[in-house]
Amino acid sequence: MRIGELARRAGVSTRSLRYYEQHGLISARRAANGYREYQEDDVRLVSEIRTLLTNGFTLDDARPFVECLRSGHSSGGECAGSVEVYRRKLEEIDSEIRTLLARRAEVAAQLCSGCVFKGE
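Going along each chain's sequence as written, the residues are numbered from 1 onward. In view of the model being predicted, local features appear only for residues whose pLDDT reaches at least 70, and side-chain atom pairs are presented and counted only at 80 or more, with totals across whole chains, interfaces and linings using the full set of residues. With hydrogens and water set aside, each side-chain value is computed from the structure's full complement of heavy atoms.

Q: Would you explain the overall build of the protein chain in this entry?
A: Within the protein chain, the regular secondary structure consists of 5 helices and 2 strands. If you list the helices and strands of the protein chain from N to C, you get α-α-β-β-α-α-α. For 120 residues, the compact-globule formula gives about 14 Å, and the C-alpha radius of gyration of the protein chain, at 21 Å, lies well above that figure. Overall, the C-alpha framework of the protein chain stretches about 75 × 30 × 20 Å when taken along its three principal axes. Partly exposed residues are those whose accessible area sits between 20% and 50% of the maximum for their type, while under 20% is buried and over 50% is exposed, using a 1.4 Å probe and protein chains only. Buried residues in the protein chain amount to 32% of all 120 residues. Contacts are assigned to residue pairs with any non-hydrogen atoms lying within 4.5 Å of each other. By sequence separation, contacts in the protein chain at least 24 residues apart represent 46% of the contacts at least 6 residues apart. Only the protein chains shown count as covering a residue, and every accessible area follows the Shrake-Rupley method with a 1.4 Å probe. When the accessible area of the protein chain is evaluated, it comes to approximately 8100 Å², of which 50% is carbon and sulfur surface. In this text, helices come from DSSP runs of H or I with a minimum length of four residues, and strands from runs of E with a minimum of two, each type numbered from the N-terminal end. For the radius of gyration, the atom set is restricted to C-alpha positions; the globular benchmark scales as 2.2 Å times the number of residues to the power 0.38.

As structure tokens, then:
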């Protein structure tokens, strides 16, 4: 399939596909006319990348998931490298939550010095 069809089916722009290709996450064969040609499996790879990016992962984070899918697993999260990325991301999120809770407590204290703020 050509780049426009892959973009439509995966719900991304052609520019995103070129960007993913530039970063080595997907690859296209070139037809005699120079057009990029993609395989059916690329729809799944791009969907996985898109989901990860939507959830705050980086392109580098997506690599183990893509490699896992390419190695024949039914899910990109089944491989050890992907699990490690999930764990690291959860640690980052937990740290952000702690930081936000501390900030919230400071703001609540400023709002209502000496009283208990409901919802804490």
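Q: Would you explain the environment of Gly11 in this entry?
A: Tracing the sequence through the fold places Gly11 in the loop between helix H1 (3–10) and helix H2 (14–22). Taking the C-alpha atoms as reference points, Gly11 and Gly72, separated by 61 residues in sequence, lie 23 Å from one another.

Q: Sorry, what's going on with the packing of aromatic side chains here?
A: To describe a pair of aromatic rings, one takes the distance between the centres and the angle between the planes. In summary, the pairing rule links any two rings of Phe, Tyr or Trp, Trp by its six-membered ring, whose centres are within 6.5 Å, and it sorts them by plane angle into stacked for under 30 degrees, edge-to-face for over 60 and tilted for everything else. For the coordinates displayed, the defined rule picks out 3 aromatic pairs. For the pair Phe57 and Phe65, a centre-to-centre distance of 6.2 Å together with 75 degrees between the ring planes defines the contact as edge-to-face. Like Phe65, Phe57 is buried. Aromatic pair Phe57 and Tyr86: ring centres 6.0 Å apart, planes at 80 degrees, arrangement edge-to-face. Of this pair, Phe57 sits in the loop between helix H3 (41–54) and helix H4 (59–70) while Tyr86 sits in helix H5 (residues 80–111), and the two are 29 residues apart along the sequence. Take Phe57: its relative accessible area is 10%, and that puts it in the buried class.

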